[in-house]
Amino acid sequence: MSTPMDVIVSLAKRRGFIFQSSEIYGGTGSCWDYGPLGVELKNNIKRVWWRDFVQQRGDMVGLDASILMHATVWKASGHVDNFTDPMVDCRECKRRFRADHIDELPWTHFCEATKGNKFQIPAGEACRHCGQRRTLCPECGKGQLTAPRQFNLMFKTFMGPVEEDASVTYLRPETAQGIFVNFDNVLQATRRKLPFGIAQIGKAFRNEITPGNFIFRTREFEQMEIEFFVNPHERIDGRPADEDWHDRWIEDCQRWFERYGLDPAHLKRHEHAHDELAHYAKRTVDILYEFPMGWSELMGIANRTDFDLKQHAKFSGKSLTWFDEERKEHVVPFVIEPSAGVDRALLAFLLDAYREEEVRGEKRTVLRFHPELAPVKIAVLPLLKKRPEIVATCHDLRTRLARRWITLYDDTAAIGRLYRRQDEVGTPYCVTVDVKTVGDAEKGETGDQRVTIRERDSMEQIRVPLPELEGVFAKLMDGTAWRDVAAAYPRAEG
Ligand code: GAP
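Residues numbered from 1 in each chain as written. Predicted model: local features only at pLDDT ≥ 70, side-chain atom pairs only at ≥ 80, totals over all residues. Heavy atoms only, no water.

A. Broad picture of unusual backbone geometry. Looking along the chain, the bond that leaves leucine 194 and enters proline 195 is cis, with omega of -5°. One can find proline 195 in the loop between α7 (183–190) and β11 (196–205). Of note in the backbone geometry, lysine 115 takes a positive phi value of approximately 55° without being a glycine. Looking at where lysine 115 falls in the secondary structure, it is placed in the loop between β6 (107–111) and β7 (117–121). Given a relative accessible area of 83%, lysine 115 falls into the exposed group. (Helix = DSSP H or I, 4+ residues; strand = E, 2+ residues; numbered from the N terminus. Buried < 20%, exposed > 50% of the residue type's maximum accessible area, 1.4 Å probe, protein only.)

Listed below in structure tokens is the structure:
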């Protein structure tokens, strides 16, 4: 069963992952701020995505384009004319809804054709007796809904000091267009051959009519996008190259989410029907995650054909082609676009990592994050904070380990509680310094110079000599299984 959203929202606030934006002013339901742990988690997601899809592949390069672009970009891309959602208003309570979302809700109808009988009509259906569709507001239940109007989701702003039509521009609603308009710059600078991709991570803005479900749908969010350029005249195993690459990217993206911890049973694919496809797409497949509100889009992988490059060539008057030396012809590449939301990915990783477990009759909450995603990798904890040698050893250790991994020191509670706190934020390893480590100088005892490492998921503990700590953590962070590393050291009692 999926973790309830309110549980995650509350944990996220309490432990400093995510706060509501401008909360002291009453907040906004459409923007969120990432706190000390949230920013680490988000950076980790972006870092591993960039490493896996850009730095480790031979056929990818990166880009960081500006958010504000020439206004004609959005005319050429079709966003000025097509980036709209149908919107309806309640005449009574003045609330606003997406017409297509309202269709997804069942509704109550007093049917005049049957002398005012009351019917519960299923989502998306009309009354079987009078043929009427929902006309009343789903929130207040009283107000008539207006007819749907198209509402453009782009945020408008002005470039320069004068607020006039000529200076209107938009906050980008997707990072993709920054890649398309730089296609030729990247090609000239890197001398790439098809197929190759350009990736970008950055903010995007959409004036969503109904933002909601925490960070799932917001008005300001981040995207991790790839535009992968393919020669449509090539064939791979008898198929057009763009179709083959599209399938490969769908596989790679789904496997990436699984690799960093999402349960495969919580993921599935949705093939867009013809009437669902965006104006630019030949085929689109969404990867859905089972969020608490139901199966919803985590990311989309579209075959955008040559639509964008052709449009920008038409509007800018510049050639956006690749010269095929073998065939001696200019080619407008087809584009496969894996497009993921950073915030949505983060929400899925949080939900999937969340567990409530019972340990020796006590409840423990644990975020079983993949170690690469965990905001804090190691917590150094003193067993007794009144012993200066223990505390000094802890501080020394924290400084040493923090050179390579995010490491914190905490002495604000007894050890059991300190472990629970680290479990709750997903810290994979705790290091504890105790009396046995440092000995007792007054009695002339030097201690065994070993510390306890506790692993979050198994809660097993081992005793490791201080000089070997970096080596042990290097192995663990590099992906060596805990059981293989732990086998070389004596167990410590929990
Ligand atoms: N360039 C293609 C594109 O932008 P999209 O399906 O509109 O396609 C891609 O967006 C991804 O961006 C989505 O799958 C989702 O993860 C994320 N996303 C889109 N709108 C969002 C919003 N309002 N809030 C949070 N994430 C959003």
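B. Geometry of the packing of aromatic side chains. Applying the stated criterion to the full structure yields 21 aromatic pairs. Measuring from ring centre to ring centre gives 4.6 Å for phenylalanine 228 and tryptophan 245, while their planes differ by 45°; the resulting arrangement is tilted. Linking phenylalanine 228 in strand β12 (residues 220–230) with tryptophan 245 in helix α8 (residues 241–259), this pair joins segments that are 17 residues apart in sequence. Taken together, a centroid distance of 6.2 Å and an interplanar angle of 70° make the contact between tryptophan 256 and phenylalanine 349 edge-to-face. Residue tryptophan 256 is located in helix α8, and its partner phenylalanine 349 is located in helix α10 (residues 342–353); the two are separated by 93 residues in the primary sequence. Residue phenylalanine 349 is classed as buried on the basis of its relative accessible area, which comes to 2%. (Phe/Tyr/Trp six-rings, centres within 6.5 Å; stacked < 30°, edge-to-face > 60°.)

C. Structural context of the sheet that holds strand β4 (residues 84–89). Read from one edge of the open sheet, 3 strands run β5-β4-β8, paired in antiparallel fashion. Of all the strands in the sheet, just β5 (96–98) and β8 (149–152) have a single pairing partner and so form its edges. Strand-to-strand twist of the sheet, defined as the mean angle between neighbouring strand axes without regard to direction, takes the value 50°. (Pairing = 2+ DSSP bridges. Axes fitted to C-alpha atoms, helices over the stretch in contact; angles between N-to-C directions.)

D. Broad picture of α8. Its 19 residues give α8 an end-to-end C-alpha distance of 27 Å, which sits within 8% of 27 Å, the value for a rise of 1.5 Å per residue. If you check which residues of α8 are buried, you get Ala241, Asp242, Asp244, Trp245, His246, Trp249, Ile250, Cys253, Gln254, Trp256 and Phe257. Looking one or two residues beyond α8, the residue adopting positive phi is glycine 261, at roughly 120°. (Expected span 1.5 Å × (residues − 1).)

E. Highlighting the pattern of salt bridges. In this structure the tally under the stated criterion is 48 salt bridges. Of the charged contacts, one joins arginine 98 and aspartate 85 as a salt bridge, the two residues approaching to 3.3 Å between their closest N and O atoms. You can see arginine 98 sitting in strand β5 and its partner aspartate 85 sitting in strand β4, a full 13 residues away along the chain. Looking at arginine 98, the relative accessible area reads 12%, which means it is buried. Between glutamate 251 and arginine 269 there is a salt bridge, and its shortest N-O distance comes to 2.9 Å. Residue glutamate 251 is located in helix α8, and its partner arginine 269 is located in strand β15 (residues 267–271); the two are separated by 18 residues in the primary sequence. For glutamate 251, a relative accessible area of 35% corresponds to the partly exposed category. (Salt bridge = Lys/Arg side-chain N within 4 Å of Asp/Glu carboxyl O.)

F. Region of the structure containing the site of the ligand. Around the ligand, the structure places 20 residues, and the nearest of them are Glu174, Arg206, Glu208, Glu225 and Glu297. Between the ligand and threonine 218, the relevant distance is 2.8 Å, taken from a nitrogen atom to a main-chain nitrogen or oxygen of the residue. Within the side chain of glutamate 297, an N or O atom sits 2.5 Å from an oxygen atom of the ligand. Burial of the ligand by the protein amounts to 91% of the accessible area it has alone, namely 550 Å². The set of elements that each furnish at least two residues to the shell around the ligand consists of β12, β17 (294–305) and β20 (334–341). (Near = heavy atom within 4 Å. Polar contact = N/O pair within 3.5 Å; in protein donor to acceptor, adjacent residues only side chain to side chain. Areas by Shrake-Rupley, 256 points an atom, 1.4 Å probe, with all protein chains shown as cover.)

G. Region of the structure containing the environment of tyrosine 289. Within the secondary structure, tyrosine 289 sits in strand β16 (residues 283–291). With 111 residues separating them in the primary sequence, tyrosine 289 and glycine 178 have C-alpha atoms 28 Å apart. Setting aside chain neighbours within four positions, we find tyrosine 289 in contact with Leu262, His266, Leu267, Gly294, Trp295, Ser296, Leu298, Ala348, Leu351 and Asp352. Side chain to side chain, tyrosine 289 and aspartate 352 meet in a polar contact 2.4 Å long. (Contact = heavy atoms within 4.5 Å.)

H. Molecular detail of the nonpolar core. Counting residues in hydrophobic clusters, the biggest one holds 61 residues, and the most contacted among them are Ile18 and Trp249. The greatest single-element share of this core, amounting to 9 residues, is contributed by α10. Judged by nonpolar contacts, the second largest core, of 27 residues, contains Ile390, Leu401, Trp405 and Val438. (Core = buried A, V, L, I, M, F, W, Y, C linked by side-chain atoms within 4.5 Å.)

I. Examining the packing of helix α11 (residues 388–402) against helix α14 (residues 469–477) more closely. The N-to-C vectors of α11 and α14 enclose an angle of 45°; their axes lie 11 Å apart at closest approach. Classed by the angle they form, the pair α11 and α14 counts as oblique. Along this stretch, α11 crosses α14, giving a crossing that reads as right-handed. For the pair α11 and α14, contact is made by Leu397, Arg400 and Leu401 and by Leu469, Glu470 and Phe473, respectively. For the contact of α11 with α14, the per-class residue count stands at 4 nonpolar, no polar and 2 charged. (Parallel < 35°, antiparallel > 145°, perpendicular 65-115°, else oblique. Left-handed = near helix turned anticlockwise from the far one by under 90°. Nonpolar A, V, L, I, M, F, W, Y, C, P; charged D, E, K, R; others polar.)

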